[in-house]
Amino acid sequence: MFDVDTLPYYNPSIERKIAIITGGNSGIGWYTVLHLYMHGFTVYIFGRNSVRVNKAIDKIIREAKHRYETCKDPYLKSIIHMGDIIYLHMDLSDLHSVDKAAKKFLKLETKLDVLINNAAVMALPYEITEDGFEIQLQTNYISPFLLSVKLLPLLQIAKGRMISLSSIGHNLEQMHFKLNQSFDYKPNMIFTWFRYAVAKTAVIQFTKMLSIKYPDVLCLSVHPGLVMNTNLFSYWTRLPIVGIFFWMLFQLVGFFFGVSNEEGSISTLYCALSEDLSLDNDNGKYFTTGGVESTPSRIANNLDNAASTWIWTIHRLRERGFEV
Ligand SMILES: NC(=O)c1ccc[n+]([C@@H]2O[C@H](COP(=O)([O-])OP(=O)(O)OC[C@H]3O[C@@H](n4cnc5c(N)ncnc54)[C@H](OP(=O)(O)O)[C@@H]3O)[C@@H](O)[C@H]2O)c1
């Protein structure tokens with residue numbers, strides 16, 4: 001597993017580095033924020049619930065202080081300068097909220113070093129948002145697309161990076177499905193995974209397209225690992241009676257194949273900070289657990305598919321009044 005202490009540390013009083021992460025209040029995102037903060041970044045958490053996010057911020061700051069105070073390496077201690085963590089409201093299930101958050105950020109900052117599209121939902125029952133998209137497609141793909149495109153000018157100014165959290169689950173899409181293919185079939189327990197796979201394939205395709213269209217921004221997608229103790233599984237584990245069965249199943253999978261929440265953040269952190277990655281050699285690549293370069297599915301890797309996903313999305317956003 002890649003050692004995050006080898007990633008660059010910044011002193012915010014000398015060089016102010018700015019990152020945005022969506023959904024940094026739990027799971028993998030929580031540890032991503034912790035390490036970015038300890039590496040000197042000003043981290044904006046774009047989240048939908050102020051109580052949950054502010055509680056997470058307090059806890060992250062306490063954890064960072066504890067780690068600093070108990071750090072036994074004097075050199076490491078001398079280069080750690082805590083950054084800052086700021087909450088900004090954004091609900092990915094509402095395109096207007098995404099647009100508003102992007103506009104607010106554009107007024108607050110003049111550059112953006114790292115954008116991490118981390119927030120997602122998984123395996124929910126079929127539901128259509130107010131904007132008219134299936135809930136997983138909008139939360140995991142359409143809204144991050146809108147947010148990223150709106151923030152691209154600031155990423156370009158900083159020669160920044162955009163990291164998209166996809167998933168190994170994208171491999172379930174073995175044919176190029178149309179994004180408006182609803183998969184509203186029973187049983188939900190099976191077809192919900194196809195909806196998740198379609199959204200996570202689109203995430204990789206969009207990241208690849210961005211890397212081609214905007215070669216001055218390093219765009220990478222990530223599968224963080226199987227991280228079974230995050231809130232991503234809570235719809236299933238909170239189901240009455242059968243929830244306990246799902247909880248045990250997920251724990252079993254985690255025991256044999258999983259990594260911890262913190263280990264789940266490593267691939268994202270590697271992609272966001274590593275000086276080994278460059279625009280010339282790495283733009284558009286896909287990384288898996290611990291920062292290991294990998295190849296996504298044939299469907300996700302196909303440029304014609306990626307182009308049609310891109311065009312479809314632009315048109316759907318345009319129909320809803322979002323010019324991108
Ligand atoms: N865990 C895994 O095994 C695994 C495997 C592959 C890929 N991933 C990917 O890793 C990323 C992080 O997942 P995780 O496991 O850390 O899950 P998590 O603990 O459930 O974190 C998801 C985050 O997304 C936020 N979010 C959900 N819907 C939102 C919305 N409408 N607007 C704004 N924020 C919203 C959540 O906020 P609330 O607290 O408000 O709900 C939460 O902060 C996801 O993209 C996931 O698909 C995870």
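Owing to the predicted nature of the structure, the values given are computational and were not obtained by experimental measurement.

Visitor: Which residues make up the overall build of the protein chain, and what values do they have?
Guide: When helices and strands are tallied, the protein chain shows 13 helices and 8 strands. For the protein chain, whose C-alpha radius of gyration is 19 Å, the value lies close to the compact-globule estimate of 20 Å for 324 residues. Taking the principal axes of the C-alpha coordinates as reference, the protein chain spans close to 60 × 45 × 35 Å. For the protein chain, the proportion of its 324 residues judged to be buried stands at 54%. In the protein chain, 79% of the contacts between residues at least 6 apart in sequence involve partners at least 24 apart.

Visitor: Let's hear about the state of the cysteines: which residues, and what values?
Guide: Applying the stated criterion across every chain, the model contains 0 disulfides. For the unlinked cysteine Cys219, the closest cysteine sulfur is that of Cys271, found at 11 Å.

Visitor: Which residues make up the pattern of salt bridges, and what values go with them?
Guide: Scanning the entire structure with this criterion turns up 15 salt bridges. With its nearest N and O atoms 3.6 Å apart, the salt bridge here joins Asp99 to Lys150. Remark: Lys150 occurs in helix α5 (residues 135-158) and Asp99 occurs in helix α4 (residues 95-108); sequence separation between them is 51 residues. Overall, Asp99 belongs to the buried group, its relative accessible area being 10%. In this structure, the salt-bridge partner of Lys111 is Asp113, at a minimum N-O distance of 2.9 Å. Three or more residues joined by partner-sharing salt bridges are found here, namely Glu15, Lys17, Lys111 and Asp113.

Visitor: Lay out the packing of α5 against helix α13 (residues 303-319) with the relevant residues and their values.
Guide: Contact pair α5 / α13: the axes reach a minimum separation of 11 Å and the direction vectors enclose 85 degrees. With respect to their mutual orientation, α5 and α13 come out roughly perpendicular. On α13, the residues touching Leu137, Tyr141, Ile142, Phe145 and Leu146 of α5 are Thr309, Trp310, Trp312, Thr313, Ile314 and Leu317. Here the contact of α5 with α13 is built from residues that sort into 9 nonpolar, 2 polar and no charged.

Cut-offs and rules
- Residues numbered from 1 in each chain as written.
- Predicted model: local features only at pLDDT ≥ 70, side-chain atom pairs only at ≥ 80, totals over all residues.
- Heavy atoms only, no water.
- Helix = DSSP H or I, 4+ residues; strand = E, 2+ residues; numbered from the N terminus.
- Rg over C-alpha atoms; globule rule 2.2 N^0.38 Å.
- Buried < 20%, exposed > 50% of the residue type's maximum accessible area, 1.4 Å probe, protein only.
- Contact = heavy atoms within 4.5 Å.
- Disulfide = S-S within 2.5 Å.
- Salt bridge = Lys/Arg side-chain N within 4 Å of Asp/Glu carboxyl O.
- Axes fitted to C-alpha atoms, helices over the stretch in contact; angles between N-to-C directions.
- Parallel < 35°, antiparallel > 145°, perpendicular 65-115°, else oblique.
- Nonpolar A, V, L, I, M, F, W, Y, C, P; charged D, E, K, R; others polar.

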